[in-house]
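Here are the chains, one letter per residue:
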Amino acid sequence: MGDSLKERVREKLLRQLNEDGAQDPDQDDIRQLSVSTDLDLLNTVADDDPVVEELAERYLVF
């Protein structure tokens, strides 16, 4: 497989956000906020950072 674990986790997070659709501005969707926060975190770490593996486990990315 040519994709790195970090790329696969990013794809999964983006897919989840996309499947959820637009966020309702009148309500806080805690799950969407959590996924967005995790995506932001993923974008700030290196490919070999342990956070990548933690997120992969959390979102069941293999």
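Residues numbered from 1 in each chain as written. Predicted model: local features only at pLDDT ≥ 70, side-chain atom pairs only at ≥ 80, totals over all residues. Heavy atoms only, no water.

A. Layout of helix α2 (residues 30–42). Between its first and last C-alpha, α2 extends 18 Å over 13 residues, near the 18 Å set by a 1.5 Å rise per residue. Within α2 the residues assigned to the buried category are Gln 32, Val 35, Asp 38, Leu 39 and Leu 42. Considered in projection along α2, the buried side chains sweep an arc of 130 degrees and stay on one side of the axis. Buried-residue contacts for α2 involve α1 (5–20) and α3 (50–58). (Helix = DSSP H or I, 4+ residues; strand = E, 2+ residues; numbered from the N terminus. Expected span 1.5 Å × (residues − 1). Buried < 20%, exposed > 50% of the residue type's maximum accessible area, 1.4 Å probe, protein only. Arc of directions from axis to C-beta. Contact = heavy atoms within 4.5 Å.)

B. Expanded view of the nonpolar core. Val 9, Leu 13, Val 35, Leu 39, Leu 42, Val 45, Val 51, Val 52, Leu 55, Ala 56, Tyr 59 and Val 61 form the largest nonpolar core, which has twelve residues in total. With residues near it in sequence (within four places) discarded, Leu 13 still touches Val 35, Asp 38, Leu 39, Leu 42 and Tyr 59. (Core = buried A, V, L, I, M, F, W, Y, C linked by side-chain atoms within 4.5 Å.)

C. Looking closely at the pattern of salt bridges. Here the structure, examined in full by the defined rule, presents two salt bridges. When the shortest N-O distance is used, the salt bridge between Arg 58 and Asp 38 registers 2.9 Å. Here Arg 58 is found in helix α3, whereas its partner Asp 38 is found in helix α2, with 20 residues between them in sequence. Using a relative accessible area of 7% as the deciding quantity, one classes Asp 38 as buried. (Salt bridge = Lys/Arg side-chain N within 4 Å of Asp/Glu carboxyl O.)

D. Region of the structure containing the side chain of Lys 12. In this fold, Lys 12 is placed in helix α1. Glu 19 provides the closest opposite charge to the buried, salt-bridge-free Lys 12, at an N-O distance of 8.2 Å. If we ignore the near neighbours within four places in the chain, the residues touching Lys 12 are Tyr 59, Leu 60 and Val 61. (Lys, Arg positive; Asp, Glu negative; His and termini not counted.)

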